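In case you want the letters, here they are:
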Amino acid sequence: MVRSTHTKEDIFRMLSVIPDPEIPVVSIYEMGMLRDVLIDEDGYNVVLTPTYSGCPAMGIIAQDIKMTLDANSVFPNKVSLVYHPAWTTDWMSDEAKQKMKNYGIAPPLHSSCNQDVFHHNIIECPRCHSENTVMLSRFGSTACKSMYQCNDCKEPFEYFKCH
Amino acid sequence: MTHQEALYSYCLRLGDNALIQSYRLSEWCSNAPLLEEDLALTNFALDMTGRAQALLTYAGQVDGSGRTDDELAYRRSERKFRNNLMLELPNGDFAFTIARLLLNATYEYYFFTELRKSADETLSAVAAKTLKEVKYHMTHATDWTLRLGDGTNESHRRMQAAIDALWMYTGEMFETDEADALLQDKNVAVDMAPVQASWKAYIENVLKEATLTMPADGYMQTGGRKGVHTEHLGHILSEMQYLQRAYPEATW
Ligand SMILES: [Zn+2]
């Protein structure tokens, strides 16, 4: 039975401050991972979608959500993972993309739902905005990022790949 | 065979393919020829572990035994594994790993493109997710095949040897059995004939561009669907399952 009353909006507000463990300048809400909050007589069910199938941050995120809900006396609560519809970088807000860029990570150009992913894309340097950049490694510190280097300012940078 | 048995067998097959391939790729961790490859191959492995988790969790739900993904991964003997033989072969040299990745990722790309239309919502959702990831695996393997095939005499020789050695394992990917037939009637499983045609056309093109020769179809290895594996799977499992066998129920 639900002992406390919180609206869906209250819960979204509480959870929207939780940072993405791998890109702490953006929240899980801005990343589009937080899909829904279902409220019924069994309690509060936060619906989360993984960015990548094997994303190791999902466990931490689910734990962060539970801790936040517990701290705000949102009981009983649980976190469920849904795979459908599949997460896409299109769900990332423009604000999140801007924050990511300021942080030094080039934001994704588009989603990978189409065939563009097979083609070569021009990635803008997040530091000097040059388009004269080159891919160094298809993967970086995490599955969702590639490594690039800017030929003008010479700085290496990460690019958040389209997904 | 009931619908439930067929679906369980189908999920297990897809889950085991992801799990065993992931295991082999993760063996490159700290051993790849370049740091960039170390990252790429192990990231592919991570995608596949995630896919295996989703599919084995679903398999446990479907068969009603309540077995978790971990129980299915760590408590089955090799005769119960349903993965394709190609995926359990040792990594060999880098060319062999790339050739296998090319053959399998291309297959997965066309396969999951079809599975996305499955009437089964869970399979369709896993397919949509996988498809996004597999595009990167396939592009990466294609790039390397071109580079090695059309590279030095030595890289060409190794790449050709790898393709030749793996060819007899490619037939198994397109095999169908009773479970396929039953599930296809309900629009759950994928019709393999068009997948095979698309696969062959893509591979033929890449090999040609890489100045490699596509082998002629000859004797094809088989057995994974029946749990009859090469001697290599047992060795994988003895290492992979060691902890759960030695300390049952151990958790993080
Ligand atoms: Zn720059």
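Please read these numbers as outputs of a predicted model, since none were measured by experiment.

Reading the values: the criteria
Residues numbered from 1 in each chain as written. Chains lettered and ligands numbered in written order. Predicted model: local features only at pLDDT ≥ 70, side-chain atom pairs only at ≥ 80, totals over all residues. Heavy atoms only, no water. Core = buried A, V, L, I, M, F, W, Y, C linked by side-chain atoms within 4.5 Å. Buried < 20%, exposed > 50% of the residue type's maximum accessible area, 1.4 Å probe, protein only. Helix = DSSP H or I, 4+ residues; strand = E, 2+ residues; numbered from the N terminus. Contact = heavy atoms within 4.5 Å. Patch = residues over 30% accessible without salt bridge, like charges linked within 9 Å, V, L, I, M, F, W, Y side chains within 5 Å. Areas by Shrake-Rupley, 256 points an atom, 1.4 Å probe, with all protein chains shown as cover. Salt bridge = Lys/Arg side-chain N within 4 Å of Asp/Glu carboxyl O. Polar contact = N/O pair within 3.5 Å; in protein donor to acceptor, adjacent residues only side chain to side chain. Nonpolar A, V, L, I, M, F, W, Y, C, P; charged D, E, K, R; others polar. Axes fitted to C-alpha atoms, helices over the stretch in contact; angles between N-to-C directions. Parallel < 35°, antiparallel > 145°, perpendicular 65-115°, else oblique. 1 Å grid on protein atoms, 1.4 Å probe; cavity = no way out; pocket = protein on both sides within 12 Å on 5 of 7 lines; lining within 4 Å. Points joined across faces, edges and corners; volume = space filled by probe spheres on them. Pairing = 2+ DSSP bridges. Donors = N, O, S within 2.8 Å, 3.2 Å for Na, K, Ca; no water. Tetrahedral: all angles 85-135°; square planar, octahedral: opposite > 155°, others 65-115°. Phe/Tyr/Trp six-rings, centres within 6.5 Å; stacked < 30°, edge-to-face > 60°. Lys NZ or Arg CZ within 6 Å of the ring centre and 35° of its normal. Expected span 1.5 Å × (residues − 1). Arc of directions from axis to C-beta. Left-handed = near helix turned anticlockwise from the far one by under 90°.

1. A look at the nonpolar core
Then, in step 1: Judged by nonpolar contacts, the single largest core of 82 residues is most densely connected at B:Tyr10, B:Phe111, B:Leu115 and B:Leu123.
Then, in step 2: Considering each element in turn, this core owes the most residues, 14 residues, to helix H5 (residues 94–115) of chain B.
Then, in step 3: Among residues more than four places away in sequence, those in contact with B:Tyr10 are B:Phe111, B:Leu115, B:Leu123, B:Asp180, B:Leu183, B:Ala189 and B:Val190.
Then, in step 4: One finds A:Met14, A:Cys55, A:Leu69 and A:Ile105 within the second-largest nonpolar core, a separate group that totals 31 residues.

2. Remarks on a nonpolar patch on the surface
Then, in step 1: On the surface, B:Tyr242, B:Leu243 and B:Tyr247 cluster together into a nonpolar patch covering about 360 Å² of accessible area.
Then, in step 2: Tracing the sequence through the fold places B:Tyr242 in helix H11 (residues 242–246).

3. With respect to the interface of chain A and chain B
Then, in step 1: Chain A puts 27 residues into the contact, and the matching count from chain B is 21 residues.
Then, in step 2: One salt bridge connects A:Arg138 with B:Asp143, and the closest N-O pair in it is separated by 2.6 Å.
Then, in step 3: Taken together, chain A and chain B are joined by 8 residue pairs in polar contact (both at pLDDT 80 or more).
Then, in step 4: Here the residues of the side of chain A that touches chain B are counted per class, giving 13 nonpolar, 12 polar and 2 charged.

4. Some remarks on the packing of helix H1 (residues 3–26) of chain B against helix H10 (residues 231–240) of chain B
All names here are of chain B.
Then, in step 1: It is at 12 Å that the axes of H1 and H10 come closest, and there the two elements cross at 80°. In this view, H1 runs roughly perpendicular relative to H10, as classed from their interaxial angle. Contacts between H1 and H10 pair Leu-19, Ile-20, Tyr-23 and Arg-24 from the former with His-232, Leu-233, Ile-236, Glu-239 and Met-240 from the latter.

5. Notes on the layout of surface pockets
Residues and elements named next belong to chain B.
Then, in step 1: There is about 1700 Å³ of room inside the largest pocket.
Then, in step 2: Taken together, 50 residues form the lining of the largest pocket, with Thr-49, Gln-53, Ala-54, Asp-69 and Asp-70 sitting closest to its centre.
Then, in step 3: No other element matches the 11 residues that helix H2 (residues 35–62) contributes to the lining of the largest pocket.
Then, in step 4: When its residues are assigned to classes, the lining of the largest pocket shows 27 nonpolar, 16 polar and 7 charged.

6. Things to note about the sheet that holds strand E3 (residues 77–81) of chain A
Residues and elements named next belong to chain A.
Then, in step 1: As summarised here, the arrangement of the 3 strands in space is E1-E2-E3, forming an open sheet in which the pairing is mixed. Two strands close off the open sheet at either side, each with one partner strand: strand E1 (34–40) and E3. The average undirected angle you get between the axes of adjacent strands in this sheet is 20°.
Then, in step 2: Pairing analysis gives 5 bridges linking strand E2 (residues 43–48) to E3, with the strands arranged parallel. Paired with Val-46 across the two strands is Val-79, which belongs to E3.
Then, in step 3: Sitting on the sheet, helix H1 (residues 8–15) is in contact with E1 and E2, with an inclination near 140° to E1.
Then, in step 4: Those strands touched by helix H2 (residues 57–71) are E1, E2 and E3, and its axis lies near 155° from that of E3.

7. Focus on the coordination of the zinc ion
Each donor-metal-donor angle would ideally measure 109.5 degrees in four-coordinate tetrahedral geometry, or 90 or 180 degrees in six-coordinate octahedral geometry.
All names here are of chain A.
Then, in step 1: Within the protein, Cys-125 (SG), Cys-128 (SG), Cys-150 (SG) and Cys-153 (SG) serve as the donor atoms for the zinc ion, at 2.3 Å.
Then, in step 2: What the 4 donor atoms of the zinc ion show is an angle range of 103 to 115° at the metal, which sorts the shape as tetrahedral.
Then, in step 3: Counting along the primary sequence, the residues that act as donors to the zinc ion give the motif C-x2-C-x21-C-x2-C. Remark: Cys-150 occurs in strand E6 (residues 145–150) and Cys-125 occurs in the loop between strand E4 (105–106) and strand E5 (133–137); sequence separation between them is 25 residues.

8. Some details on the packing of aromatic side chains
Then, in step 1: In the structure shown here, the tally under the stated rule is 13 aromatic pairs over all chains.
Then, in step 2: Ring geometry for A:Tyr148 and A:Tyr159: centres 5.7 Å apart, planes at 85°, overall edge-to-face. Taken together, the positions of A:Tyr148 in strand E6 and A:Tyr159 in strand E7 (residues 156–160) put the pair 11 residues apart, joining distant regions of the chain.
Then, in step 3: You can call A:Tyr148 buried: its relative accessible area is 5%.
Then, in step 4: A connected cluster of aromatic rings, assembled from ring pairs, spans B:Tyr107, B:Phe111, B:Phe112, B:Trp167, B:Phe174 and B:Trp199.
Then, in step 5: Sitting above the plane of the B:Tyr136 ring, A:Lys161 keeps its charged end 4.7 Å from the centroid.
Then, in step 6: The ring of B:Phe81 carries B:Arg76 above its face, with NZ or CZ at 4.1 Å from the centroid.

9. Things to note about helix H7 (residues 153–166) of chain B
Residue and element names in this part refer to chain B.
Then, in step 1: Between its first and last C-alpha, H7 extends 20 Å over 14 residues, near the 20 Å set by a 1.5 Å rise per residue.
Then, in step 2: Looking at H7, one finds that the buried residues are Ser-155, Met-159, Gln-160, Ala-162, Ile-163 and Leu-166. Summarising the axial view, the buried residues of H7 lie within an arc of 160°, below the 170-degree limit, and thus occupy one face.

10. Some details on the packing of H1(B) against H5(B)
Residues and elements named next belong to chain B.
Then, in step 1: At a closest axis distance of 13 Å, the pairing of H1 and H5 adopts a crossing angle of 150°. By the angle between their axes, H1 is roughly antiparallel relative to H5. In this structure, H1 meets H5 at a crossing whose hand is left-handed. Two secondary-structure elements touch here, H1 through Tyr-10, Leu-14, Gln-21, Arg-24 and Leu-25 and H5 through Thr-97, Arg-100, Leu-101, Asn-104, Glu-108, Phe-111 and Leu-115.
Then, in step 2: Each residue belonging to the contact of H1 with H5 can be placed in one class, and the counts come to 6 nonpolar, 3 polar and 3 charged.

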